[in-house]
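As a plain string of letters, each chain reads:
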Amino acid sequence: MNDSKYIYLDNAATTPMDPRVIEEVTKHFKETYGNSSSLHSVGQKAGQILLKSRETIASLINANRDDIFFTSSGTEADNIAIFGVTSKNKERGNHIITSSIEHHAIENPYKQLEKREFEVTFLPVDQFGLIATKDLENAITDKTILISIMFANNEIGTIQPMKKIGSIAKKHDVLFHTDAVQAFGKVPIDVNEMKIDLLSASAHKLYGPKGVGMLYIRNKGIREGWGKFIEPIMYGGGHERDMRPSTVNVPGIAGFAKAAELAKEEMDEESLRQIKLREKIIKWVTENIEDSYLNGHPTQRLPNNVNIGFRYIEGESIVLDLDMEGIAASTGSACSSKSLEPSHVLTAIGLKPEEAHGSLRVSLGRFTTEEDIDHFLEKLPGVIERLRKMSPLKKGVKYMFSDSNHENYH
Ligand SMILES: *Cc1c(COP(=O)(O)O)cnc(C)c1O
């Protein structure tokens, strides 16, 4: 990494903070130190910033200000949604429907619930990563209390048909939660049009600070409001209307709001710009590098997500070699998280384990330039070629493991 410029193409893992957000957070760390629930003026000032932030964030998804609950992360928002709804509704039913390509922040809570007498349906996806809404409708029973389908996938970028899912959930009177951490601020979201009841988001995927998230909870109106279908999973002081107690991170939240405001202002222009870069990479790589193919949906995908499979080599090695060239990317192979299991997302779209291990995720961001992409495309072929030369699976010798093709190994 001694090159003058390091090219960061891993914005799906986390984003650098926007300098305008850093400025906002720094200002509030200095000035807005009060506890937002204190009565004195310093506390009141923090309370006002909190209120304003709630408004800004709500406006990005066409929600009511009071339906935004700040959390410490996207993971925490997912956990509150899942455990809060299931524990409140366990008398009504014990069945939940989700997809087989969820983030671990959804998948693992559901695995815990399966140990606690809940039944979880993990809907399959097609080769592009889309669920079939027909499967969803067929899976609903009178015991179903929650449908949780991610808005956009973090590995392959596929965007699910939110509006259709929302109307199915509504028709059957089942709560609909979506993990929108990857989609929030990148694609238009309207919780009313999409009939979303609960939605998770996180600031650090949006050029905001790490450790700040939110859960949108639709106030079902009438008397009890959200208290009727969800309960807290933590108990303490009364912050965030008891839903998420603990002194509120007002400077971080002000940064989250700034990030949301910028995302709203720049979304149209920025997504067009990123789609151009995305398409440039996909076209160039699949046309110029042999045995490479796109993972995920060709069009229904996040503007910033590219996921390409390379036969005969490991994604992990590609990432490490690119890093030596001063380029940060990621692999769908869970080897990177110290496990030998291939990505559950890539196997769910039908890739064989060895194919799933050979994938590369390139995720663009606000600060990615065309020059960065050109530099990446200049370095990538050499990396792939070098690794394939060393690969025991490389073309021509790939049949060495197959009984019927011994002749091919010479
Ligand atoms: C990053 C991510 C999360 C977790 O968010 P944190 O704020 O890091 O806890 C959850 N879901 C998806 C889809 C993500 O990409």
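Above this note sits the structure.
This write-up is about the structure you can find in this document. From a predicted model like this one, the values you see are computed outputs, not experimental measurements. (Residues numbered from 1 in each chain as written. Predicted model: local features only at pLDDT ≥ 70, side-chain atom pairs only at ≥ 80, totals over all residues. Heavy atoms only, no water.)

**Here we look at the overall build of the protein chain**
Part 1 of the reasoning: Secondary structure summary: the protein chain contains eleven helices and twelve strands in total.
Part 2 of the reasoning: Taking 410 residues into account, the globule formula puts the C-alpha radius of gyration at 22 Å, and the protein chain, at 23 Å, falls close to it.
Part 3 of the reasoning: Projected onto its principal axes, the C-alpha positions of the protein chain cover 80 × 55 × 35 Å.
Part 4 of the reasoning: Counting all 410 residues of the protein chain, 56% fall into the buried class.
Part 5 of the reasoning: Summarising the internal contacts of the protein chain: among those between residues at least 6 apart in sequence, 71% fall at separations of at least 24.
Part 6 of the reasoning: Summing over all exposed atoms, the protein chain offers an accessible surface of approximately 18,600 Å²; the carbon and sulfur share of this is 52%.
Part 7 of the reasoning: Between the averaged position of the 50 positive side-chain charges in the protein chain and that of its 57 negative side-chain charges there is a distance of 3 Å. (Helix = DSSP H or I, 4+ residues; strand = E, 2+ residues; numbered from the N terminus. Rg over C-alpha atoms; globule rule 2.2 N^0.38 Å. Buried < 20%, exposed > 50% of the residue type's maximum accessible area, 1.4 Å probe, protein only. Contact = heavy atoms within 4.5 Å. Areas by Shrake-Rupley, 256 points an atom, 1.4 Å probe, with all protein chains shown as cover. Lys, Arg positive; Asp, Glu negative; His and termini not counted. Charge placed at Lys NZ, Arg CZ, Asp CG, Glu CD.)

**Here's the deal with the packing of aromatic side chains**
Part 1 of the reasoning: Summed over all chains, the structure comprises three aromatic pairs.
Part 2 of the reasoning: Note on tyrosine 207 and phenylalanine 367: the rings are 5.7 Å apart at their centroids and 85° apart in plane angle, and the pair reads as edge-to-face. A residue pair is termed long-range when its members are at least 10 positions apart, and tyrosine 207 in the loop between strand S7 (198-202) and strand S8 (213-217) and phenylalanine 367 in the loop between strand S12 (359-363) and helix H11 (370-390) qualify at 160 residues.
Part 3 of the reasoning: We classify tyrosine 207 as buried; its relative accessible area is 7%.
Part 4 of the reasoning: Each residue in the set Phe70, Phe184 and Phe256 is aromatic and connected to the rest through ring pairs, giving one cluster.
Part 5 of the reasoning: When the ring centre of phenylalanine 69 is taken as reference, the NZ or CZ atom of arginine 241 above it lies at 4.1 Å. (Phe/Tyr/Trp six-rings, centres within 6.5 Å; stacked < 30°, edge-to-face > 60°. Lys NZ or Arg CZ within 6 Å of the ring centre and 35° of its normal.)

**So, the site of the ligand**
Part 1 of the reasoning: Taken together, 13 residues are adjacent to the ligand, and Thr75, Asp179, Gln182, Ser202 and Lys205 come closest.
Part 2 of the reasoning: One of the side-chain N or O atoms of aspartate 179 is found 2.6 Å from a nitrogen atom in the ligand.
Part 3 of the reasoning: Interatomic distance of 2.7 Å between a side-chain N/O atom of glutamine 182 and an oxygen atom of the ligand.
Part 4 of the reasoning: Calculation on the ligand without its partners gives an accessible area of 380 Å², and the protein chains cover 89% of this total.
Part 5 of the reasoning: Per-element tally for the shell around the ligand: the top contributor is helix H3 (residues 74-88), with three residues.
Part 6 of the reasoning: Partitioned by chemical class, the residues of the shell around the ligand number two nonpolar, eight polar and three charged. (Near = heavy atom within 4 Å. Polar contact = N/O pair within 3.5 Å; in protein donor to acceptor, adjacent residues only side chain to side chain. Nonpolar A, V, L, I, M, F, W, Y, C, P; charged D, E, K, R; others polar.)

**Quick look at unusual backbone geometry**
Part 1 of the reasoning: Residue glutamate 117 is not a glycine yet carries a positive backbone phi of 65°.
Part 2 of the reasoning: Considering the arrangement of structural elements, one finds glutamate 117 in the loop between helix H4 (104-114) and strand S4 (119-123).
Part 3 of the reasoning: With a relative accessible area of 69%, glutamate 117 lands in the exposed category.
Part 4 of the reasoning: Of note in the backbone geometry, tyrosine 207 takes a positive phi value of approximately 65° without being a glycine.

**Section: the sheet that holds strand S6 (residues 175-179)**
Part 1 of the reasoning: Taking strand neighbours across the sheet as the criterion, the seven strands line up as S2-S8-S7-S6-S5-S3-S4 in an open arrangement whose pairing is mixed. Each of the sheet's edge strands pairs with one partner strand only, and the pair in question is strand S2 (68-71) and S4. Taking each pair of neighbouring strands and ignoring which way they run, the sheet shows an average axis angle of 20°.
Part 2 of the reasoning: Examined bridge by bridge, S7 and S8 share five bridges and lie antiparallel to one another. Residue pairing across strands places leucine 198 opposite isoleucine 217, the latter belonging to S8.
Part 3 of the reasoning: Against the sheet, helix H6 (residues 162-171) engages strand S5 (144-148) and S6, with an angle of about 155° to S6. (Pairing = 2+ DSSP bridges. Axes fitted to C-alpha atoms, helices over the stretch in contact; angles between N-to-C directions.)

**A short note on empty space enclosed by the protein**
Part 1 of the reasoning: Tallied over the entire structure, the rule returns two cavities of 30 Å³ or more.
Part 2 of the reasoning: Here the largest cavity is characterised by a volume of approximately 160 Å³.
Part 3 of the reasoning: Gly185, Lys186, Tyr207, Glu270 and Gln274 are the residues nearest the centre of the largest cavity, which is lined by 14 residues in total.
Part 4 of the reasoning: Residues of the lining of the largest cavity, tallied by class, amount to six nonpolar, four polar and four charged.
Part 5 of the reasoning: No fewer than three residues from each of domain 1 (7-15 + 267-390) and domain 2 (19-261) sit in the lining of the largest cavity.
Part 6 of the reasoning: As a volume, the second largest cavity reaches approximately 30 Å³.
Part 7 of the reasoning: For the second largest cavity, the full set of lining residues is Ile281, Val285, Val306, Ile308, Phe310, Leu360, Val362, Phe376 and Leu380.
Part 8 of the reasoning: Broken down by secondary-structure element, the contributors of at least two residues to the lining of the second largest cavity are helix H7 (250-288), strand S10 (305-310), S12 and H11.
Part 9 of the reasoning: Per-element accounting of the lining of the second largest cavity gives the leading share, three residues, to S10.
Part 10 of the reasoning: In terms of residue class, the lining of the second largest cavity is built from nine nonpolar, no polar and no charged. (1 Å grid on protein atoms, 1.4 Å probe; cavity = no way out; pocket = protein on both sides within 12 Å on 5 of 7 lines; lining within 4 Å. Points joined across faces, edges and corners; volume = space filled by probe spheres on them. Domains from an automatic or database assignment.)

Any functional reading would require information that these geometric values do not contain.
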